[in-house]
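Architecture and fold: a report
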Amino acid sequence: GSNDTIIDSNDVTNDNNGVYSISSNNTQLTNNTINLNKKFYGYYSYNSGNATIYNNTMYNNYHGIYFVGSDEGNISSNDIFITDVYSLFLHSGSDSSIIRDNTIRTGKHGIYSKSNSSSNTIINNSVRDHSSTGLYFNNIDNPSIESNTVANNSQNVLVYSTSGSILSHNVIANASTGLNINNS
């Protein structure tokens, strides 16, 4: 992998994938626009750490931001919309990331975290208009979900088989299910 890579102020359009970060540390993705016309990942991180994803616009992608086994990301001030499946996904041991001040709208799932991803902080995001879930946490530990606006999703917040959850100061509105805590 590569380390200490800066990707700034690019326009990535109609490629199969936007940006891949594999076994890389300290990647900075800032001020980019990624529109893949419904093809794969806006930003994909595998087995990487300390990524900064700031002030990007990602739209019309199959997935927006997708972490697998990637730790300590700082994902902030991004606009992610019109995704087919996951707007933002933390999977398989993606730990200790901070997801802050993002606008995430229109897709199947807003922010989805599963499979032993732990100690992630989701704070001050706007998550709206997803056909399945706004926030979905499945089989993870110690998520901190604070001061988010989660509205107009089919299910706004679903917490399943998750321990140590902190949910505070969120606005949860206009869904068939507002907050569902199950087996947690």
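Structure: see above.
Not measured: the values here are computed from a predicted model. (Residues numbered from 1 in each chain as written. Predicted model: local features only at pLDDT ≥ 70, side-chain atom pairs only at ≥ 80, totals over all residues. Heavy atoms only, no water.)

A word on the nonpolar core. Considering soluble globular proteins, one finds that nonpolar side chains tend to be buried as a cluster. Tyr43, Ile65 and Leu88 are the most contacted members of the largest nonpolar core, which has 27 residues in total. For this core, the secondary structure elements donating two or more residues are strand E9 (63-68), strand E12 (86-91), strand E14 (103-114), strand E16 (126-138) and strand E19 (155-160). The element that contributes the greatest number of residues to this core is E16, accounting for three residues. Every residue in contact with Leu88, bar those within four places of it in the chain, is listed here: Ile65, Ile75, Ile80, Ile99, Ile104, Gly110, Ile111 and Tyr112. (Core = buried A, V, L, I, M, F, W, Y, C linked by side-chain atoms within 4.5 Å. Buried < 20%, exposed > 50% of the residue type's maximum accessible area, 1.4 Å probe, protein only. Helix = DSSP H or I, 4+ residues; strand = E, 2+ residues; numbered from the N terminus. Contact = heavy atoms within 4.5 Å.)

Tracing the backbone shows Asn16 in the loop between strand E2 (11-13) and strand E3 (19-22). Put simply, Asn16 and Thr121 are 105 residues apart on the chain and 30 Å apart in space, counted from C-alpha to C-alpha. Excluding residues that lie within four positions of it along the chain, Asn16 makes contacts with Leu36, Lys39, Phe40 and Tyr41.

A separate point is unusual backbone geometry. Even without a glycine there, the phi angle at Lys38 is positive, about 75°. On the secondary structure map, Lys38 appears in the loop between strand E5 (33-35) and strand E6 (41-46). In this model, Ser92 sits at a positive phi of 50°, which is unusual for a non-glycine residue. Mapped onto the elements of the fold, Ser92 is located in the loop between E12 and strand E13 (98-100).

Right, let's get into the sheet that holds strand E17 (residues 144-146). Across the sheet, eight strands lie side by side as E1-E4-E7-E10-E13-E15-E17-E20; this open sheet has parallel pairing. Single-partner strands in this sheet number two, and they are strand E1 (6-8) and strand E20 (166-168). Between one strand axis and the next, the sheet turns by 5° as a mean value, whatever way the strands run. (Pairing = 2+ DSSP bridges. Axes fitted to C-alpha atoms, helices over the stretch in contact; angles between N-to-C directions.)

The next point concerns the pattern of salt bridges. Tallied over the full model, the rule gives two salt bridges. Note that Lys38 and Asp84 form a salt bridge whose closest N and O atoms lie 3.0 Å from each other. One end of the pair, Lys38, is in the loop between E5 and E6; the other, Asp84, is in the loop between strand E11 (79-83) and E12, with 46 residues separating them in the sequence. Looking at Lys38, the relative accessible area reads 34%, which means it is partly exposed. Among the salt bridges present, the one from Arg105 reaches Asp79, with a minimum N-O distance of 2.4 Å. (Salt bridge = Lys/Arg side-chain N within 4 Å of Asp/Glu carboxyl O.)

Right, let's talk about a nonpolar patch on the surface for a bit. The grouping of Leu167, Ile172, Leu179 and Ile181 at the surface amounts to a nonpolar patch, some 310 Å² of accessible area in total. Tracing the chain through its elements places Ile181 in strand E22 (residues 177-182). (Patch = residues over 30% accessible without salt bridge, like charges linked within 9 Å, V, L, I, M, F, W, Y side chains within 5 Å. Areas by Shrake-Rupley, 256 points an atom, 1.4 Å probe, with all protein chains shown as cover.)

Now for the environment of Ser154. Tracing the backbone through its elements, the reader meets Ser154 in the loop between strand E18 (149-151) and E19. For the pair formed by Ser154 and His130, sequence separation is 24 residues and the distance between their alpha carbons is 6.5 Å. With residues up to four places along the chain from it excluded, the contact list for Ser154 reads His130, Ser131, Ser132, Ala175, Ser176 and Thr177.

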